[in-house]
Every structure is written in structure tokens, then in C-alpha cells.
Amino acid sequence: MTEQAIDTAERPGGLKRAVQGQLGAPLPRIEGPLKVTGTANYAFEDAPANVAYLVVVGAPVGAGTIIAIDATAAEGVPGVLTVIHDDPRMMAGEGNSRAMPSQGSRQIFHVGQPVAAIVADSLAVAREAAALVRVDVDARAGRYDFADAPVDETPAIGFLPSVTKGDLDLAMRDAAVTFDATYSTPAHFPAALEPHATLAWWDGDELTVRTSNQVIGAARGTIATALGIDAAKVRVLAPFVGGGFGGKTGVGAEVVLAAIAAQRLGRPVKVALPRRDTAYLVHHRSETRQRIRIACDHDGHISAIAHEGVAYQNDDSGFLEPIPFGSIPLYSGDTRVFRTALARVDLPPTGAVRAPGEAIGTFAIECAMDELAEQLGIDTIELRRRNEPACDPTSSKPFSTRRLLDCYAEGARRFGWPDRVPDPGTTRDGEWLIGIGMAAALRGNFTVEAAANVRLEPSGRVTVETDMTDIGTGTYTILAQTAGEVLGVTADQVDVRIGDTNYPKSAGSGGSFGAGSACAAVLLACEDVLAELALRMNAAPEELVLRDGCVTAGGREVPLAELARGEPIEGRGKSSPGQQAKRTSQASHGAHFCEVAVNGVTGEVRVRRMLGVFDVGRVLNQKTAANQIIGGMVWGISYALGEAAVVDTRNGRFVNPDFGEYHVAVNADVPQIDVHFIEEIDDAANQVGAKGVGELGISGAGAAVINAIHNATGVRVRDVPATLDTLLAGLPPV
Ligand code: MOS
């Protein structure tokens, strides 16, 4: 076992002598053909003999207590196998919506909170019976309106500490120029395409759960805790996941209910949440209010910067949207205030959705910088340049790597920024008003503990095993590339086995930490194999050159298969973040550029082109990394122009819990998107030098669209989405 924490920035490891040319190459996804031919098997697609179907019954009101659950009518429907509402193990889930037993806690925290489950021979019967369950409640008036909800300024929940440095009021009073504006963003659904689906079955006292989940190692623990069994008795499988978007980071009540049902019936049980149920059974992103205050001199040098937000959560959950997360290391200024206040509501839980904090926090800060630049008469990129800090402006730690200035310069050059007409509302193309805008992107970088096994097979092929997931991100491919690079084989010589908790526990896919963490573990496992190969070559590991299936040292070239001598060579690796994560300030960075056309008559916005340049450390695969960034930029377009989950403030239900009324950007909304990387290997991040990619693309992207709309029309949008009605009144005369 090679175990290594990132305690120094020295990386003498296997990649230093890499010559295979696999890592970084724009290889297509290994599992792509399975997906496009429909042969990749998703969680709901297995149909074992005798499978039963589960439907969740939710609380009919958003606040109050349950008095009684009467399932008599439901139990009488032919085909119904069991009704679960009295099992104490139903109390489950981590921040996700949890099932509630009819004994014990009877408090209702939100509409749709799981209170019972019907299991039947067919889905149709289960649905029919679910409608017959009577839930008697003692309802109370709920807090459903974010605008009116009580606000706790010093909440005990959330993971992001508040920052208060210096006297903000004083700095604002003494400054030559001040800026003070309030922005808002609506609630967002995660909106992954594949529904939350689970198939559960037992062999004796051992449970297997096939589920659509981003972080199966953690899911295993959560499920075991919920059921009161040893985690060793639980196996979680997720070989294919059709998008996560943060909504599959935890374990929903339906997973635990399926396990309970499967045990009770002695049959496999499966469940897929209908789209509408995901609004209530899966966490969403809170609506936010955000106030930005900046004090600076006439040249734009910032002396004070404050980003203060309010997000909501119910009484049952511990997550709080870390609104100013991305702003904390972004711009210089001695006086600094960053905090998130909590509004208490009786709505479904809020949680991590598509770059929690940064996605919507960067909208406010990056629109504010654009507004301030206009107020000062300074180019918006130049204002950012003047406030680029030399080290983390909040913690004073050195940046591990930060190429933000290069992203601005390269993006501006490629996009044609110098040709921009700064006067808003003056460039026309027929009845369309044309404008361009930009915004910075920043997403904190995290590395988490991860382990992997790598086996050099007697055939000379390589097998990688780790409990990672691939949620459409390219995990299969980059793990193959990492192992191929170090062991000197092409990626197609590597078999990647993931999505199974029987493999070593890895990072999972969340927080943009999956790729760097898991590839680091694979690299270390490969070094374990290298050490054995060196022994067999009678050479020091540093002397080995591995390429095209052969090892060369001391003038000898030997095929890998020959060195394996008929027995596999096993390598095990485990990586953890170590001291460098504490000593340095780590983030991925970028610059978004966007051109929009706004119809001068109707207010319709069309994004014409979008380009971004990004600093993500080492790029593990040019194609899959760019794909992820493009996806993030699409989300930026999506929340700038369309996405808004609307709460019916009378009853705590969502008005639009479906893709018909909740508008995510679709192909027709998305232009050509151009992504470039400025690559600098970040040795403080992890052993492969890769920083997070997945959630960087959305950070700042919405602000670039909104800033382009301002350049096109002169209208400042501070409340997204920028729907037609928000623009019409402010459009210049045709
Ligand atoms: Mo991400 S929202 O942390 O899966």
C-alpha cells in the first residue's frame, strides 16, 4: 500500500517520468458507446424476477403534526403487498428528506415529507393505493414565504465560517467611492435527467442497493446507520448515474424504505421518484437575497468589500447555502465581511446543488463589479486586475496556483473584448440590441481521502478498482488514462471498475473533488506496482521508463506481461489532502465572456456566443474537462434566463415541480460554447496536480450573461432570471 498525504509541494511520483501521452489527451469516454446504444444499465433498469414496486406517500401539509395514518383502504387494493408507516428505521437520511415513523417524532417539516410507503406487484397498483392512504394531521400555519420568514443572523448551521475583518461602516464612510446593491436568486432544483432510482434486495442479512448516487461510500454508511446494521453488510452499486447536480449526494428516504420493504417481503423492491416528487424528496437550492457593499478610491482600488446573504432552511436540516464562498478569496481589500444569515421556513430541505455558494454568489459579486466599473468609468476587466490579490486576501495564505489574470487576458484576446462598445444600448442588428459582458469564475478546490487498487494482469492489461462514480463526468476515462500513463499502456488496455462499494473507498463525485482525489489514489496504487516492477527489473523505480506495454531500465526492455510472470501484480494506493490543503489557498479560476442579442421589441434574450478560459491545474482529459465546463456554462445561461422554482406561499408547495414549467436551458437556448484551459500543474492540490473542474463552469457564468444584457440594453438586472418582463420597461426606444 502506498499511502500519502499532500504535505509538501514536491511530487517525485510516477507522473514525473510519464511518457505514454495518455493523461490530458482528449480521449472519448470509454463508456460512451454503452450509453448511446442504450446498453448502459441504470438503477431502475434491472428487473429481477419477483420485483415489487414502491411508491412514497408524503405529508399533505407543510407544518404541523401527524395524528394518525390509516392504510386500511390501501392495504385492501389487490396487488398491494405491504404498507410501511410504522417502522422506526424509517427515520433516515442525511439532510435529505427523511421518512418518518408514525411512532416517535410526528413533526411535519415540509409538504411531501415521507410518511408511508406502499409496495405492490406493479407500479400502477402502488400508485393507486398510495392515493388511498389517509394521513390525519394537526396542521399549523407554516412559514412558506422567504420574504417574510424570520432571519437568524448568527445561525448555528452551515459549514462556512463568517468573516469580519475591520470596520465596514467606517470604511464605507471614509471612501471616495462606495457601492451598495442587493441581488436575489430564486430556488433551483438540481434537475438531473435520470430520476432518483433504487433497487434493493437482501441475501440473508446482507443488503445490496443499486441506486443512482454520487457518493456511494458515504451512502453505504448512511444506509447502514438508518437500518441499524453494520456497514460491512451493505453493498451499494452505481455503475452508471445519469447526472447528479448535487441532488444525489445524500441518501433519500425512498432508499431506506426500499431496503425495509425488501427485507419485509423477502423480494427485491424498486422505486423511482416521479419528477414531481423530486421537488419534495430531494433537496433544492435556497432562494437567496445578497447585499454587496464595496468601498474604493477613484482608481477602483478596493478598501472594503462585503458580501452578505440570506438563505433558507427548514428545522430538520443542517445545510446552509454558503453564499459568499467564492467571493472570499476573489478581490483585495483590507476590510472584509462575508456571511450568510438563515431564514427558517417550512419548505423541503435545501442542500448542495450545482456549485453550492459559488453558482449564485458569483452572480452577485460579478454583477456588482461590473456595475462598479461602469460607475468608475473603468473597464470591467481592468477593475478586476487592479484588485487581484497577491495572496488570499482573507486568510493571507499563499495561493497554490492562480492564473486568473491570464484567464482574463487570454479570454479577452480570444473573444475580441477590445472591440466592445462600452456604451450600453447602442449596438443594433435590426431590431436586436447586441452586447457583450464578462465575469470571473472561482470555485474552491477540495481534495478528499481516496483509495484505489491497481492490478497489472498476467496478460499485460491493467485493472483499476475504486468505488468512484461517473455521473456523466468522465471518471471511467480519466482513471484509465492515469493508470495507463504511469504504467505505460494506452487507456484501452485498462479496465476500470467503479460504482461498487466492494472496491476501495474513494471520494465519490461531489464538490468537484472526484477527479483529482481518485486519480491521485490510482497514481499511488500504480506506484505500488512500479515498485514491484523495479525489483523484477533489478533497477531503482526512478530508472524505469514505461511505454507501450514495455518497461525499460539499464538497457533492457521487457514486456509488462513477461514481468508479471503469470501472476497479477497488485498495487494499493491511498491519498489524503494533508498539510498543503491547510497551508495554501486553493481554487480553480476562470473568465467567462458572453455575447447576447436582446430583442428591442419583445425583450427576448438570445445568447449568441460564449467563451471561457479556465485555470484548473492539470487537465486530465481535454475533452471531458471541457465538456464539464460547457455543461456549467449552460447552467449559467439557464439560471440567468430561466430557472426558478416557485413556492406557493399559501401552502408550501412548489408551483412548477416539473420540466414543463421549471425551465432549464435546452439546445435551442445554447449557442456555440468555446472553452480553453491555462494549464499549470498544482502540486499542492493532489498527486496528479489537478484542481476541481465540475462546478467551475457555472460559477460566474450567469453574471457574464447578465452583464452582457446590460451592455446590450442599459438595463441592470439584479434579480434573476432575466425574463422578458424584467427587461421590457427599460429597453431603449426602437
Ligand atoms: Mo456538488 S452540488 O457538491 O455535487
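Scroll up a little and you will see the structure.
Please read all numbers here as calculations on a predicted model, not as lab measurements. Within each chain, residues carry numbers counting from 1 in the order of the written sequence. Selection of residues for local features in this predicted model requires a pLDDT of at least 70, selection of side-chain atom pairs for listing and counting requires 80 or more, and totals for whole chains, interfaces and linings are taken over all residues. Hydrogens and water molecules were not included; the side-chain quantities draw on all heavy atoms of the structure.

Draft legend 1. Fine view of the environment of Arg403. A run of DSSP states H or I qualifies as a helix once it reaches four residues; a run of E qualifies as a strand once it reaches two. Both are numbered from the N-terminal end. Topologically, Arg403 is positioned in the loop between helix 9 (380–386) and helix 10 (404–415). Assessed through its relative accessible area of 25%, Arg403 is described here as partly exposed. Here the alpha-carbon distance between Arg403 and Gln580, two residues 177 residues apart in the chain, equals 19 Å. In this analysis, two residues are considered to be in contact whenever any of their non-hydrogen atoms come within 4.5 Å of each other. In this view, Arg403 contacts His589, Asp615, Ile678, Glu679 and Glu680; residues no more than four positions away in its chain are not counted. Exposure is judged per residue with a 1.4 Å probe applied to protein chains only, and the accessible area is read against the type maximum: over 50% gives exposed, under 20% gives buried, and values in between give partly exposed.

Draft legend 2. View of the pairing of strand 19 (residues 432–444). Within strand 19, 13 of the 13 residues are buried, leaving the element largely enclosed by the surrounding structure. Judged by which residues are buried, strand 19 turns out to be covered on both faces: Trp432, Ile434, Ile436, Met438, Ala440, Leu442 and Gly444 on one side and Leu433, Gly435, Gly437, Ala439, Ala441 and Arg443 on the other are all buried. Taken together, the two bridges between strand 18 (residues 428–429) and strand 19 define a ladder with antiparallel strand orientation. Residue pairing for strand 19: Arg428 is matched across the bridge by Leu433. The antiparallel hairpin formed by strand 18 and strand 19 contains two residues in its connecting segment, where Gly430 sits at a positive phi of about 65°. Criterion used throughout: strands pair if DSSP finds at least two bridges between them. By the bridge criterion, 13 bridges tie strand 19 to strand 27 (residues 587–599) in an arrangement that is antiparallel. Considered in strand 27, the bridge of Ala440 is made with Ala591.

Draft legend 3. View of the sheet that holds strand 5 (residues 107–108). Sheet architecture is open: three strands sit in the order 5-3-7, paired in antiparallel fashion. Only two strands of the sheet have a single partner each, and these edge strands are strand 5 and strand 7 (134–139). Sheet analysis places strand 3 (residues 64–70) next to strand 7, joined by six bridges and oriented antiparallel. When the sheet's bridge partners are listed, Gly64 is paired in strand 7 with Ala139.

Draft legend 4. Structural context of unusual backbone geometry. The residue after Val720, namely Pro721, is reached through a cis peptide bond having omega 0°. The residue Pro721 is located in the loop between helix 16 (701–713) and helix 17 (724–728) in this model. Positive phi, close to 70°, is recorded for Ala191, a residue that is not glycine. Relative to the assigned elements, Ala191 resides in the loop between strand 10 (177–185) and strand 11 (197–203). Ala191 gets classed as buried once you look at its relative accessible area, which sits at 15%. Of note, Asp548 is a non-glycine position whose phi angle comes to about 50°, a positive value.

Draft legend 5. Representation of the layout of surface pockets within the structure. Taken as a whole, the second largest pocket encloses approximately 620 Å³ of empty space. Residues belonging to the lining of the second largest pocket are distributed by class as follows: 13 nonpolar, eight polar and four charged. In this analysis a 1.4 Å probe is tested at points of a 1 Å grid over the protein atoms alone, and where it fits but cannot get out there is a cavity; an open set with protein on both sides within 12 Å along at least five of seven lines is a pocket; lining residues have an atom within 4 Å of a point. Grid points are joined across faces, edges and corners, and a volume is the space filled by probe spheres set on the points. When residues are sorted by character, Ala, Val, Leu, Ile, Met, Phe, Trp, Tyr, Cys and Pro go into the nonpolar class, Asp, Glu, Lys and Arg into the charged class, and all the rest, Gly among them, into the polar class.

Draft legend 6. Inspection of the sheet that holds strand 25 (residues 556–559) at higher detail. Taking strand neighbours across the sheet as the criterion, the three strands line up as 23-24-25 in an open arrangement whose pairing is antiparallel. Strands at the two margins of the open sheet, each flanked by one partner only, are strand 23 (545–547) and strand 25. With direction set aside, neighbouring strand axes in the sheet form an average angle of 20°. Sheet topology note: the strand 24 (residues 550–553)/strand 25 ladder contains four bridges and is antiparallel. Note on strand 25: the bridge partner recorded for Cys550 is Pro559. Helix 12 (residues 514–537) rests against strand 23, strand 24 and strand 25 of the sheet, and its axis sits at about 60° to strand 24. For helices, the fitted axis covers only the stretch in contact; all axes are lines through C-alpha atoms, and the angles between them, taken along N-to-C directions, range from 0 to 180 degrees.

Draft legend 7. Fine view of the pattern of salt bridges. One side-chain nitrogen of Lys or Arg within 4 Å of one carboxyl oxygen of Asp or Glu is enough to make a salt bridge. Taken as a whole and judged by the stated rule, the model has 46 salt bridges. Between Asp180 and Arg291 there is a salt bridge; the shortest N-O distance is 2.6 Å. On the criterion of sequence distance, the pair formed by Asp180 in strand 10 and Arg291 in strand 15 (residues 288–296) is long-range, its members being 111 residues apart. By relative accessible area, which is 40% here, Asp180 ends up partly exposed.

Draft legend 8. Main features of empty space enclosed by the protein. One pass over the full model with this rule turns up five cavities of 30 Å³ or more. Lining the largest cavity are 13 residues; nearest its centre among them are Phe189, Pro190, Ala191, Arg275 and Thr278. Along the lines of polarity and charge, the residues of the lining of the largest cavity split into nine nonpolar, two polar and two charged. As a volume, the second largest cavity reaches approximately 100 Å³. Every residue lining the second largest cavity is counted, 16 residues in all, and those nearest its centre are His196, Gly250, Gly252, Glu254 and Val255. Sorting the residues of the lining of the second largest cavity by element identifies strand 11 and helix 6 (253–265) as the ones contributing at least two each. A per-class count over the lining of the second largest cavity returns five nonpolar, nine polar and two charged.

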